[in-house]
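A structural walkthrough
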Amino acid sequence: MLPERFLDRMKSLLGEEYTDFLTCYDRPGYQSLRVNLLKGQEKDLAEKVNFLKEAVPWAKGGYYYRSEDKPGRHPFHEAGVYYIQEASAMAPAAYLAPVPGERVLDLCAAPGGKSTQLACAMGGRGILVCNEIHPQRAKILSGNIERMGIENALVLNHEPAFLAKRFPAYFDKILVDAPCSGEGMFRKSQEALKEWSPENITMCARRQRDILESAAAMLRAGGRLVYSTCTFAPEEDEGTISGFLREHPEFYLEEAKKYQGMTGGMILGPKADMPEIEKAIRLWPHKLKGEGHFLACLKKEEKSPDGVLSPGGEEKGISPKECREWAEFREEYLKIPFSGSYIRFGDQLYLIPEKMPLLTGLKVLRPGLHLGTLKKNRFEPAHALALFLKPEDVKNTLDLSLAQAERYLSGQTLPAEGEKGWYLISVEGYSIGWGKLSGSVMKNHYPKGLRI
Ligand SMILES: C[S@@+](CC[C@H](N)C(=O)[O-])C[C@H]1O[C@@H](n2cnc3c(N)ncnc32)[C@H](O)[C@@H]1O
């Protein structure tokens with residue numbers, strides 16, 4: 001049941017379109033996923049599954065699937081071959097459009113749909129800072145970064161205001177996918193429905209203003225910021241943006257391509273009285289195949305004062321002597337070179353992104369690609385490394401059928417022949433974890449906490 005007061009608000013917002021809008025609640029929502037382009041090309045995946053039929057127009061790698069396809073239960077999901085993501089929710093990262101080598105911040109990042117999409121566009125180059133304020137949600141975010149095989153992400157758990165002090169004018173691009181009243185998700189989320197109230201809208205708008213304030217301080221001159229919500233509430237959409245623009249003359253709204261079914265931001269009286277708000281984008285569930293969303297593309301003037309390029313300096317990395325066991329493992333098992341610097345967190349070894357800022361004083365969940373554990377005179381590879389590598393990168397591999405992969409994912413050992421040692425286990429060509437062969441048994445190293 002949709003709240004009466006919500007319906008009254010929508011009626012006055014939509015006028016004649018209101019009846020059309022209401023009918024979309026009688027239809028089920030669309031289901032969609034986004035192919036992880038870090039793991040391979042769409043055409044190769046399309047030969048292996050039958051659910052890449054209809055593309056999401058505004059997002060590279062986005063596809064609609066049918067409920068009976070159940071991609072979430074396929075071993076490819078655990079292999080990070082795709083991310084199940086609502087179609088409209090693919091728009092903000094697509095509009096931010098980062099490129100390899102940039103410094104990018106996803107400020108409100110959990111569970112990671114948009115972070116993992118940004119990472120695809122960056123192709124492993126540059127630095128992607130994924131931040132989430134809630135510790136438990138930050139862990140889920142970190143898990144998704146791992147599953148998708150992302151090498152250049154720094155996962156943090158901070159309040160935006162703390163980061164703003166730490167990273168003044170540092171980022172080239174920032175995504176603010178703000179916490180909101182979630183009206184656009186009512187068709188999919190009972191939780192959003194239960195929490196809805198006009199008072200919550202006011203609270204969300206206030207919080208969004210504060211988050212945007214912090215984000216603005218972290219963007220370099222000439223940088224781009226995309227603000228998004230999944231609500232229809234004008235106070236949180238046009239209201240937040242027009243209020244922000246009034247206080248920040250160094251920012252302006254960029255014109256952005258509107259795909260079929262997208263409309264401009266609405267001019268709605270005193271709280272959103274600037275005509276340029278039409279450059280923002282609304283995604284409506286009765287006009288396109290997706291849920292309700294709002295986004296605005298903002299640019300900071302080139303002439304605004306530039307900031308510190310490396311706040312507090314950069315991580316230097318450890319000397320090769322401090323990770324000798326890794327060098328031996330690499331020599332014995334891997335076929336690709338690794339360039340860049342390494343850092344240690346206790347006995348855990350990470351490859352850090354280019355120009356990684358100093359981590360001292362930060363709450364870090366993942367400082368780049370987790371390579372493994374430095375044990376006494378040996379190296380144990382991390383699950384994240386398996387998901388990053390491709391079978392052609394590794395000397396020993398074992399490729400599984402879908403049925404065998406299901407057994408592997410449940411923790412069973414596998415019969416195998418060959419030289420003893422570490423094997424990259426893959427399913428139909430996509431890496432999924434490690435195994436260690438001894439005798440004719442492949443010991444299962446799929447993490448216990450992930451087994452299904
Ligand atoms: C819309 S969700 C983000 C979804 C995510 N971008 C994705 O695509 O998977 C908003 C996030 O903001 C976080 N959040 C809540 N309060 C916040 C605050 N005051 N500052 C920053 N983030 C906050 C929430 O925990 C939530 O994870």
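Being a predicted model, the structure only gives us computed values, none of them experimental. (Residues numbered from 1 in each chain as written. Predicted model: local features only at pLDDT ≥ 70, side-chain atom pairs only at ≥ 80, totals over all residues. Heavy atoms only, no water.)

1. Side note on helix α11 (residues 238–247)
The buried fraction of α11 is high, at seven of 10 residues. Every buried residue of α11 is accounted for by E238, G239, T240, I241, S242, F244 and L245. On the buried face of α11, the contacting elements are α10 (198–218), β9 (219–229), β10 (251–253), β12 (281–283) and β13 (293–300). (Buried < 20%, exposed > 50% of the residue type's maximum accessible area, 1.4 Å probe, protein only. Helix = DSSP H or I, 4+ residues; strand = E, 2+ residues; numbered from the N terminus. Contact = heavy atoms within 4.5 Å.)

2. Considering the sheet that holds strand β21 (residues 421–427)
Strand pairing in a sheet relies on backbone hydrogen bonds. The paired strands run either parallel or antiparallel. Read from one edge of the open sheet, five strands run β19-β21-β22-β23-β20, paired in mixed fashion. Looking at which strands have only one partner, the edges of the open sheet turn out to be β19 (397–400) and β20 (414–415). Here helix α14 (residues 402–409) sits on the sheet and contacts β19, β20, β21, β22 (430–438) and β23 (441–444); the angle it forms with β19, its principal contact strand, is near 110 degrees. (Pairing = 2+ DSSP bridges. Axes fitted to C-alpha atoms, helices over the stretch in contact; angles between N-to-C directions.)

3. Section: the site of the ligand
Neighbouring the ligand are 17 residues; G113, K114, E132, R137 and D177 lie closest to it. Between the ligand and the protein, one listed contact pairs an oxygen atom with a backbone N or O atom of A110 at 3.3 Å. Contacts to the ligand include E132, whose side-chain N or O atom sits 2.7 Å from an oxygen atom. Burial of the ligand by the protein chains amounts to 85% of its free accessible area of 590 Å². Of all the secondary-structure elements, those providing two or more residues to the shell around the ligand are α6 (113–122) and α10. (Near = heavy atom within 4 Å. Polar contact = N/O pair within 3.5 Å; in protein donor to acceptor, adjacent residues only side chain to side chain. Areas by Shrake-Rupley, 256 points an atom, 1.4 Å probe, with all protein chains shown as cover.)

4. Some details on the domain arrangement of the chain
Each domain of the chain was delimited in the assignment, giving domain 1 (4–300) and domain 2 (390–452). Once you take the C-alpha centre of each, domain 1 and domain 2 turn out to be 36 Å apart. Domain 1 puts 12 residues into the contact, and the matching count from domain 2 is 13 residues. Summed over the shared surface of domain 1 and domain 2, the result is two residue pairs in polar contact (both at pLDDT 80 or more). Sorting the residues of the side of domain 1 that touches domain 2 by element identifies α3 (42–46) and α4 (75–78) as the ones contributing at least two each. Top element by residues in the side of domain 1 that touches domain 2 is α4. It accounts for three residues. Classifying every residue of the side of domain 1 that touches domain 2 gives six nonpolar, one polar and five charged. (Domains from an automatic or database assignment. Nonpolar A, V, L, I, M, F, W, Y, C, P; charged D, E, K, R; others polar.)

5. Structural notes on the UniProt feature "binding site: S-adenosyl-L-methionine" (unreviewed entry) in the chain
UniProt annotation of "binding site: S-adenosyl-L-methionine" (unreviewed entry) refers to C108, A109, A110, P111, G112, G113, K114, E132 and D177 when read in the numbering used here. The largest pairwise C-alpha distance within this set of annotated residues, which runs over 70 residues, is 12.6 Å, so the set is compact in three dimensions. Residue placement: A109 occurs in the loop between β5 (103–106) and α6. If sequence neighbours within four positions are ignored, A109 has contacts with S115, C130, N131, E132 and L141. Residue position: E132 is located in the loop between β6 (127–131) and α7 (135–147). By relative accessible area, which is 6% here, E132 ends up buried. Here E132 is in contact with L107, C108, A109, A110, R137, A138, L141, L156, N157 and H158, once residues within four sequence places are set aside. There is a polar contact of 3.0 Å between the side chain of E132 and the backbone nitrogen of H134. (UniProt positions renumbered as here; feature names shortened; annotations may be inferred.)

6. Points about the UniProt feature "active site" (unreviewed entry) in the chain
If you check UniProt for "active site" (unreviewed entry), the listed places come out as C230 in our numbering. In this structure, C230 sits in the loop between β9 and α11.

7. Considerations on the environment of I140
In this structure, I140 sits in helix α7. By relative accessible area, I140 is classed as partly exposed at 48%. Remark: the alpha-carbon pair of I140 and A178, spanning 38 residues in sequence, is separated by 18 Å.

8. Some words on the sheet that holds strand β18 (residues 378–381)
On the basis of which strands lie adjacent, the open sheet formed by four strands has the order β14-β15-β17-β18 and antiparallel pairing. Every other strand in the sheet has two partners, leaving β14 (342–345) and β18 as the edge strands with one partner each. Neighbour to neighbour, the strand axes of the sheet diverge by 30 degrees on average, direction disregarded. Taken together, the four bridges between strand β15 (residues 348–351) and strand β17 (residues 369–375) define a ladder with antiparallel strand orientation. Following the sheet pairing, Q348 is matched in β17 by T373. Here helix α12 (residues 324–333) sits on the sheet and contacts β14, β15, β17 and β18; the angle it forms with β18, its principal contact strand, is near 70 degrees.

9. Overview of the pairing of β5
Residue alternation in β5 divides its side chains into two sets, R103 and L105 and V104 and D106, and both sets are buried. Bridge analysis of β5 against β6 gives four bridges, and the strand direction is parallel. Bridging across to β6, V104 finds its partner in L128. Alignment of β5 against strand β8 (residues 171–177), held across three bridges, turns out to be parallel. Across the sheet, L105 pairs through a bridge with I174, a residue of β8.

10. So, a positive patch on the surface
A cluster of basic residues, K420, K436, K443 and K448, forms a positive patch on the protein surface. Within the fold, K448 resides in the segment after β23. (Patch = residues over 30% accessible without salt bridge, like charges linked within 9 Å, V, L, I, M, F, W, Y side chains within 5 Å. Salt bridge = Lys/Arg side-chain N within 4 Å of Asp/Glu carboxyl O. Lys, Arg positive; Asp, Glu negative; His and termini not counted. Charge placed at Lys NZ, Arg CZ, Asp CG, Glu CD.)

11. A short note on the nonpolar core
If you look at the biggest cluster of nonpolar residues, it comprises 41 residues, and the most contacted ones within it are L107, I174, V176, M218, L225 and I241. Here the element with the most residues in this core is α10; it accounts for five residues. The residues touching L225, leaving out its near neighbours within four places in the chain, are L96, I174, V176, L212, A215, A216, L219, F251, A296, C297 and L298. Within the second largest apolar cluster, 34 residues are counted, among which are V104, M122, L128 and L141. (Core = buried A, V, L, I, M, F, W, Y, C linked by side-chain atoms within 4.5 Å.)

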